[in-house]
Amino acid sequence: MADRILVFYGSYRSDRQGIRLADWCMRQLKARGADVELIDAQAVGLPMLDRMYKEYPKGEAPEALETLAGKIRAADAFLFVVGEYNWSVQPGLKNLTDHFLEEWFWRPAAIASYSAGRFGGVRAALAWRDILGEMGMVVVSSTIAVGPMKDTMDEAGEPVGEGGKALERQFPRFADDLAWWTAAAKAQRERAKPPY
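For clarity, every value in this text was computed on a predicted model and none was experimentally measured.

A. Molecular detail of the overall build of the protein. Looking only at helices and strands, the protein has seven helices and five strands in total. Listing every helix and strand of the protein by position from the N terminus yields β-α-β-α-α-β-α-β-α-β-α-α. The C-alpha atoms of the protein give a radius of gyration of 16 Å, which matches the 16 Å a tight globule of 196 residues would have. Seen through its C-alpha atoms, the protein measures out along the principal axes to roughly 50 × 35 × 25 Å. In the protein, which comprises 196 residues, the share counted as buried stands at 47%.

Set out below in structure tokens:
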């Protein structure tokens, strides 16, 4: 059975360039046989956090929360495609993730970061490592950092230049690490049979 991977993306900006990286990663994962779905924080459109999903009485959570909770629980792994805003994380994606907790537990997460600058969003990626770990995910050690985005991916979302070549070289190892942790976590969850 194919690994079910949710790809999370969080920019709300009108001229979103990071979506190119999210779409490209999805194509690469699909080519490897994964069942992949994009979760775009802007499209989901959750309000600023008031109540977490778990704080609603059963059956009373807003439909968007209920639907997304089901998708997260059914996933085998996650890929977070994260932009860097002022040396930190994107608020839209952070808000989306904060609506959930137990739903994330015991699943691996990989981080692909990007920015307009030459550091490729690594400061945001470092912050996300701690955030995702605190939320119960195993964050894989391999990462991808793309920057400057305009010099690495063209408008059609294809890798270009030296940065694009580096991305294409790095992705197989990145995906292999995520697949290894996905298989390990699946086996352990099946053995342990947690209640959620």
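B. Broad picture of the sheet that holds strand β1 (residues 4–9). Pairing is parallel in the open sheet, where five strands are placed in the order β2-β1-β3-β4-β5. The two strands at the open ends of the sheet, each matched to only one other strand, are β2 (35–40) and β5 (138–146). In this sheet, neighbouring strand axes are inclined to one another by 20° on average, regardless of whether the strands run parallel or antiparallel. In the sheet, strand β3 (residues 77–83) pairs with strand β4 (residues 108–114) via six bridges, with the strands oriented parallel. Residue pairing for β4: G83 is matched across the bridge by Y114. Sitting on the sheet, helix α7 (residues 161–192) is in contact with β1, β3, β4 and β5, with an inclination near 165° to β5.

C. Structural context of the environment of L65. On the secondary structure map, L65 appears in helix α3 (residues 63–74). For L65, a relative accessible area of 3% gives the class buried. Residues L65 and G45, spaced 20 residues apart in sequence, show a C-alpha to C-alpha distance of 10.0 Å. The residues touching L65, leaving out its near neighbours within four places in the chain, are L46, R51, Y53, Y56, H99 and F100.

D. Structural detail: helix α4 (residues 91–98). For α4, every residue scored as buried is listed here: G92, L93, N95, L96 and T97. Of the surrounding elements, those touching the buried residues of α4 are β1, β2, α2 (41–44), α3, β3 and α5 (122–134).

E. Summary view of the nonpolar core. Formed by 30 residues in total, the largest nonpolar core has its most connected members in F8, F78, F80, F100, W104 and W128. Listed by contribution, the elements that provide at least two residues to this core are β1, α3, β3, α4, β4 and α5. With five residues, α5 is the single largest residue contributor to this core. Listed in part, the 28 residues of the second largest apolar core include I19, W24, L29 and A77.

F. Inspection of a nonpolar patch on the surface at higher detail. Judged by side-chain polarity, V138, W180 and W181 come together as a nonpolar surface patch covering roughly 320 Å² of accessible area. Turning to its location among the elements, W180 is positioned in helix α7.

G. Structural context of unusual backbone geometry. Going from G147 to P148, the amide bond is cis rather than trans, its omega being -10°. Residue position: P148 is located in the loop between β5 and α6 (149–152). Unlike most non-glycine residues, N86 shows phi in positive territory, near 50°. With respect to the helices and strands, the residue N86 is situated in the loop between β3 and α4. Positive phi is not limited to glycine here, since W87 has a value of about 70°. Within the secondary structure layout, W87 lies in the loop between β3 and α4.

H. Structural view of the pattern of salt bridges. Tallied over the entire structure, the rule returns 15 salt bridges. Put simply, R4 and E37 hold a salt bridge, and the shortest N to O gap is 2.3 Å. Here R4 is found in strand β1, whereas its partner E37 is found in strand β2, with 33 residues between them in sequence. Owing to a relative accessible area of 19%, R4 belongs among the buried residues under this scheme. Between K150 and D151 there is a salt bridge, with the nearest N and O atoms lying 3.2 Å from each other. Classification of K150 as exposed rests on a relative accessible area of 59%.

Thresholds applied
- Residues numbered from 1 in each chain as written.
- Predicted model: local features only at pLDDT ≥ 70, side-chain atom pairs only at ≥ 80, totals over all residues.
- Heavy atoms only, no water.
- Helix = DSSP H or I, 4+ residues; strand = E, 2+ residues; numbered from the N terminus.
- Rg over C-alpha atoms; globule rule 2.2 N^0.38 Å.
- Buried < 20%, exposed > 50% of the residue type's maximum accessible area, 1.4 Å probe, protein only.
- Pairing = 2+ DSSP bridges.
- Axes fitted to C-alpha atoms, helices over the stretch in contact; angles between N-to-C directions.
- Contact = heavy atoms within 4.5 Å.
- Core = buried A, V, L, I, M, F, W, Y, C linked by side-chain atoms within 4.5 Å.
- Patch = residues over 30% accessible without salt bridge, like charges linked within 9 Å, V, L, I, M, F, W, Y side chains within 5 Å.
- Areas by Shrake-Rupley, 256 points an atom, 1.4 Å probe, with all protein chains shown as cover.
- Salt bridge = Lys/Arg side-chain N within 4 Å of Asp/Glu carboxyl O.

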